Amino acid sequence: MATTSQFRQALRVGPPGDGWHKPALSAVATLGTLNLTLFALGWLDLALYTSAGGLGALYGHGLPYRARARTLAAVLLGTVLSTGAALTAAALTRDAVVLVVVAAALAALHKLLCDAARIGPPGSLIITFTTASCAFVPQRLPDLAPHLALTVLGAALAWLVCMAPAPLRPYGPERIATARALEAAARLLRTAPGAALTAAALTAAARTALVGAVDAARHSLALSSPARRRALGDAPERLLVHAEAALAAPADPAAAERYAAWARDLRRGRTLPLLDLTEAEAADLRARRPGPRPSSRAALRPGSVLLPIGLRVAVGCAAAGWLSLALGVGRPYWAVVTAASVFQANSTLSWQRALQRVLGNLLGLALFTAALPLAHSGPVALIVLGLLCQFGAEATIARSYWLATVFVTPMALLMTEFAGLQPARTLVADRWLDTCVGALTGLAACLLVTNRRTAARLSRALAGAETATREARSAVAAAGPEAAAARTGLATALLELREAADTATGEWCRPALPHQRAADAERHAHHLLAALLERRGTGVRAV
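Numbering of residues starts from 1 in each chain and follows the order in which that chain's sequence is written. Residues qualify for local features only when their pLDDT is at least 70, as the model is predicted, and side-chain atom pairs are given and counted only at 80 or more; totals for whole chains, interfaces and linings, by contrast, use all residues. Calculation of side-chain values draws on the structure's entire complement of heavy atoms; hydrogens and water are dropped beforehand.

**Q** What exactly am I supposed to notice about the overall build of the protein chain here?
**A** In DSSP terms, a helix is any run of H or I states spanning at least four residues, a strand is any run of E spanning at least two, and both are numbered starting from the N terminus. From N to C terminus, the protein chain includes 23 helices and 0 strands. Computation of the radius of gyration draws on C-alpha atoms alone. For the globule rule, the value is 2.2 Å times the number of residues to the power 0.38. Taking 2.2 N^0.38 as the reference for a compact globule, 543 residues should give roughly 24 Å; the C-alpha atoms of the protein chain span a radius of gyration of 25 Å, in line with that estimate. In terms of overall dimensions, the protein chain has C-alpha extents of about 70 × 55 × 40 Å along its principal axes. Partly exposed describes any residue whose relative accessible area lies between the buried limit of under 20% and the exposed limit of over 50%, with all areas from a 1.4 Å probe on protein chains only and scaled to the type maximum. Counting only residues that meet the buried cut, the protein chain has 51% of its 543 residues in that class.

Here it is in structure tokens:
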């Protein structure tokens, strides 16, 4: 049973997101251009198809531009193919029961592929939203090609908009990733009680956050093109060497402020300081490589922890759509999308998301009702309101999912108005009913489709962490490539252990977990990371 503190955690509003304005402005620029162009041509009723591709502007903003180009192309290609499948199904049958199956199968496929590839926010939900909507719009076979061409057009514009900052800030993503590592180091130095490790949860979380931020920054730098890496130089790597050293340093507010100042310089595009390194640090810089990332193919193999989640999505979305049809709702895809939005990495996160979705939709319906007179004043007002809701959703999504849903709900309802004004009472009633149906069936699917593989993943991660710890212990007295490889392996194992433990703990039906053993392994890993860094001879010091 959920406790009061769990309810508070689910509804907590956090600080503003880091870089939220980038997807927000990109989506507004893309959708605004597409919708206003369609309005000028008298084709605003076709906005669903351009939006299916245009919403791809929300993806890839944390990646270096070379990797962003590839990732966006893959996401947008998947969007176009999924939209084509949904439109084809809509043209071949008007049987809503069959269309629910198509939408549910696509939702499960999106979830599996996006989670396996670690696409990141907004994940699979945007693609599922647009393709499920397209599946329930009546189609004729001769219209498939032009409608899909509009999706391709929207996707192409989204790709161009997301890549547009490259000439202005060619190293922006790499700088920001490095700045995040420095900020994580600063937070650790403000919370650490001293050089000795502690079991305090706050310090342990800060240490793990720093390990993850440094690893992410190194991956970001590795993803850059060779030409960009040469032009940027090794100043970011030198900063990362110093940031990582905070793991072995005592609390030092002055050093924390110095790290924070370097991070501000990085974010503002200022000239990077070329920090001096000792011989050991320089050797480490030459030898150190980012840790390996999990393979997408491995994440989809038999026995993967993702497969039960994919089954949950398929079962929950299909059940939600069919129940919505049985209740006489005219837009069962809303229930499908709501159910798809509920499914997270484990049961605990899923019920929290269901609560957030229901609350956000209720408040969003009130906002839609209040804005309806203005929306009905003309197509331009309708477009502008939709763009404002899109901006509001991106501005608040990092703070709280339920707060973002307050803006997502009227945005989705306003999109239905592009094809023609709808009865407000019917829209609001159907949306609320589908929200409740989708949330409840999604949670029921979590109860019916158990995911005991999270415990097996934790066991594997624990064994990997213990192996990496043994190897690191033998490398404490070593130097150069051997010590660098030991630290990389230990950091990778530590991050996997933390993620596996968090995921397994949140499952409602699972075997007993080795909590104490995992906590001991994590503590030993942090201790050895600090010992390896001390052996390297670095520390937080004035430059």
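Here the narrative resumes, following the displayed structure.
**Q** What is the right way to look at a positive patch on the surface in this model?
**A** Judged by side-chain charge, Arg 66, Arg 70, Arg 229 and Arg 230 come together as a positively charged surface patch. Those elements giving two or more residues to the positive patch turn out to be helix H4 (65–92) and helix H10 (226–232). In this structure, Arg 229 sits in helix H10. Only residues whose relative accessible area exceeds 30% and that form no salt bridge are eligible for patches; like-charged ones are grouped when within 9 Å, while nonpolar side chains (Val, Leu, Ile, Met, Phe, Trp, Tyr) are grouped when within 5 Å. Calculation of accessible area relied on Shrake-Rupley with a 1.4 Å probe; when residues are assessed, cover is drawn exclusively from the protein chains displayed. Salt bridges, as used here, are contacts in which a Lys or Arg side-chain nitrogen is within 4 Å of a carboxyl oxygen on Asp or Glu. In this count, Lys and Arg are taken as positive residues and Asp and Glu as negative ones, while His and the chain termini are left out. Charge placement uses NZ in Lys and CZ in Arg. For Asp and Glu, CG and CD serve respectively.

**Q** Would you mind showing me how to read the packing of helix H16 (residues 332–342) against helix H20 (residues 424–448) here?
**A** The axes of two packed helices give the description: the angle between them and the distance between them. All axes are obtained by fitting lines to C-alpha atoms, using only the stretch in contact for helices, and the reported angles, taken between N-to-C directions, cover 0 to 180 degrees. Look at H16 against H20: their axes get within 7 Å of each other, and the N-to-C directions meet at 40°. Our classification of the angle between H16 and H20 gives oblique. The crossing of H16 and H20 is right-handed. In contact with Pro 332, Trp 334, Ala 335, Thr 338, Ala 339 and Val 342 of H16, H20 contributes Leu 427, Asp 430, Arg 431, Asp 434, Thr 435, Val 437, Gly 438, Ala 439, Thr 441, Gly 442 and Leu 443. Three categories are distinguished: nonpolar for Ala, Val, Leu, Ile, Met, Phe, Trp, Tyr, Cys and Pro, charged for Asp, Glu, Lys and Arg, and polar for the others, with Gly belonging to the last. Taken together, the residues of the contact of H16 with H20 break down into 9 nonpolar, 5 polar and 3 charged. Any angle that falls under 35 degrees is termed roughly parallel, while one over 145 is termed roughly antiparallel, one within 65 to 115 roughly perpendicular, and all others oblique. Here a crossing is taken to be left-handed if its near helix is turned anticlockwise relative to the far helix by less than a right angle, and right-handed if that turn runs clockwise. Here, residues are in contact when the closest pair of their heavy atoms is within 4.5 Å.

**Q** So what exactly am I meant to see when it comes to the nonpolar core here?
**A** Where a protein is soluble and globular, its nonpolar side chains tend to be buried together. Among the buried residues, those of types Ala, Val, Leu, Ile, Met, Phe, Trp, Tyr and Cys that are joined through side-chain atoms within 4.5 Å form a nonpolar core. Within the largest apolar cluster, 67 residues are counted, with the highest numbers of intra-cluster contacts made by Phe 136, Cys 317, Leu 414 and Phe 418. Sorting elements by how many residues they give to this core places helix H5 (residues 96–116) first, with 8 residues. When neighbours within four sequence positions are excluded, Cys 317 is seen to be in contact with Val 100, Ala 104, Ala 107, Arg 312, Val 336, Ala 339 and Ala 340. The next biggest cluster of nonpolar side chains, apart from the first, holds 59 residues, and it includes Trp 262, Ala 263, Leu 490 and Leu 513.

**Q** Is there a simple way to explain the environment of Cys 509 in this structure?
**A** Considering the arrangement of structural elements, one finds Cys 509 in the loop between helix H22 (481–505) and helix H23 (515–536). Taking the relative accessible area as the measure of exposure, Cys 509 reaches 23% and is therefore partly exposed. With 58 residues separating them in the primary sequence, Cys 509 and Asn 451 have C-alpha atoms 7.5 Å apart. Residues contacting Cys 509, with those up to four places away along its chain left out, are Thr 450 and Arg 452.

**Q** It is not clear to me how the packing of aromatic side chains should be interpreted in this structure. Could you clarify?
**A** Here the distance between the centres and the angle between the planes together describe a pair of aromatic rings. To pair, rings of Phe, Tyr and Trp, with the six-membered ring standing in for Trp, must have centres within 6.5 Å; the planes then decide the type, stacked if under 30 degrees apart, edge-to-face if over 60, and tilted in the middle. For the structure shown, the criterion picks out 4 aromatic pairs. With centroids separated by 5.9 Å and ring planes inclined at 65°, the aromatic side chains of Tyr 333 and Trp 334 adopt a geometry described as edge-to-face. Cluster of aromatic residues (ring-pair linked, three or more members): Phe 136, Tyr 333 and Trp 334. Here, over-ring charges are defined by two tests on the NZ atom of lysine or the CZ atom of arginine: distance to the ring centre within 6 Å, and angle to the ring normal within 35 degrees. When the ring centre of Tyr 401 is taken as reference, the NZ or CZ atom of Arg 353 above it lies at 3.8 Å. Positioned above the aromatic ring of Trp 334, the side-chain terminus of Arg 431 is 5.3 Å from the ring centre.

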